[in-house]
Amino acid sequence: ETGVTQTPRHLVMGMTNKKSLKCEQHLGHNAMYWYKQSAKKPLELMFVYNFKEQTENNSVPSRFSPECPNSSHLFLHLHTLQPEDSALYLCASQPGQGSYEQYFGPGTRLTVT
Amino acid sequence: SQQGEEDPQALSIQEGENATMNCSYKTSINNLQWYRQNSGRGLVHLILIRSNEREKHSGRLRVTLDTSKKSSSLLITASRAADTASYFCATDALTHTGNQFYFGTGTSLTVIP
């Protein structure tokens, strides 16, 4: 256990659905990340939040909408997804400046039908 | 891109043998990390090596870094069946908003009992 939890662990949704992924950490970390992991592709960084402020958006389509209401919680809101969005979505947290180790959650396996 | 690339993509060895995985990257780094991922789970940090270090040990793990060749290797000695997992290197890049990490596609290691 890394101290980072993600819910749900598995999600099947249709292309017209709206759903949200949740990530939670009580490690006191200041940075939180969303990654997408697809088969045979490198881990893709999607969003970065530092002290609740979004600092990176790596050209992610607008059908993915992140939200960071406080430094312990991170959400990824999903709507009108495409089948190619099916992947493992990983959340990670990092203590902050000067500490580079990332702590990953177990991921949400998303299937878009 | 800055992505690390692991080699080989897949490796199968007998229990007790040593496993060596390599990582190459393209631009200057501050540090390089190795992570492990069990099937369908999140990544777990194994070891970090800074750009001014050449070798680092942690238990059965040995990491080397050659910044002139922009490459790193991870050696797992006396492998065990429980070492079966995917292994990723992550290189960092300093952006205007902080450190970002770039992961490769990973090496899938199978240790046969």
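A.B. asks: Describe the interface of chain A and chain B, naming the residues involved and giving the relevant values.
C.D. replies: By a widely used convention, the size of an interface equals the accessible area lost when the partners come together. With 24 residues of chain A in contact, the opposing surface of chain B contributes 23 residues. A combined buried area of about 1,900 Å² lies between chain A and chain B, and 52% of that area is made up of carbon and sulfur atoms. Linking chain A with chain B are zero salt bridges. Viewed at the interface, chain B and chain A are joined by three residue pairs in polar contact (both at pLDDT 80 or more). Those elements that provide at least two residues to the side of chain A that touches chain B are β4 (31-37), β5 (44-50), β6 (53-57) and β9 (87-94) of chain A. Of the residues assigned to the side of chain A that touches chain B, the class counts are ten nonpolar, eight polar and six charged.

A.B. asks: Which residues make up the state of the cysteines, and what values do they have?
C.D. replies: All names here are of chain A. By the definition in use, this model includes two disulfides over all chains. Disulfide pairing is shown between C23 and C91; the S-S distance is 1.9 Å. Torsion about the S-S bond of the C23 and C91 cystine: about -70°, corresponding to left-handed handedness. Placement of C23 in strand β3 (residues 18-25) and of C91 in strand β9 is noted, with a sequence separation of 68 residues between them. We classify C23 as buried; its relative accessible area is 0%. Taking the relative accessible area as the measure of exposure, C91 reaches 0% and is therefore buried.

What counts and how
Residues numbered from 1 in each chain as written. Chains lettered and ligands numbered in written order. Predicted model: local features only at pLDDT ≥ 70, side-chain atom pairs only at ≥ 80, totals over all residues. Heavy atoms only, no water. Contact = heavy atoms within 4.5 Å. Buried area = accessible area lost by both parts, 1.4 Å probe. Salt bridge = Lys/Arg side-chain N within 4 Å of Asp/Glu carboxyl O. Polar contact = N/O pair within 3.5 Å; in protein donor to acceptor, adjacent residues only side chain to side chain. Helix = DSSP H or I, 4+ residues; strand = E, 2+ residues; numbered from the N terminus. Nonpolar A, V, L, I, M, F, W, Y, C, P; charged D, E, K, R; others polar. Disulfide = S-S within 2.5 Å. Buried < 20%, exposed > 50% of the residue type's maximum accessible area, 1.4 Å probe, protein only.

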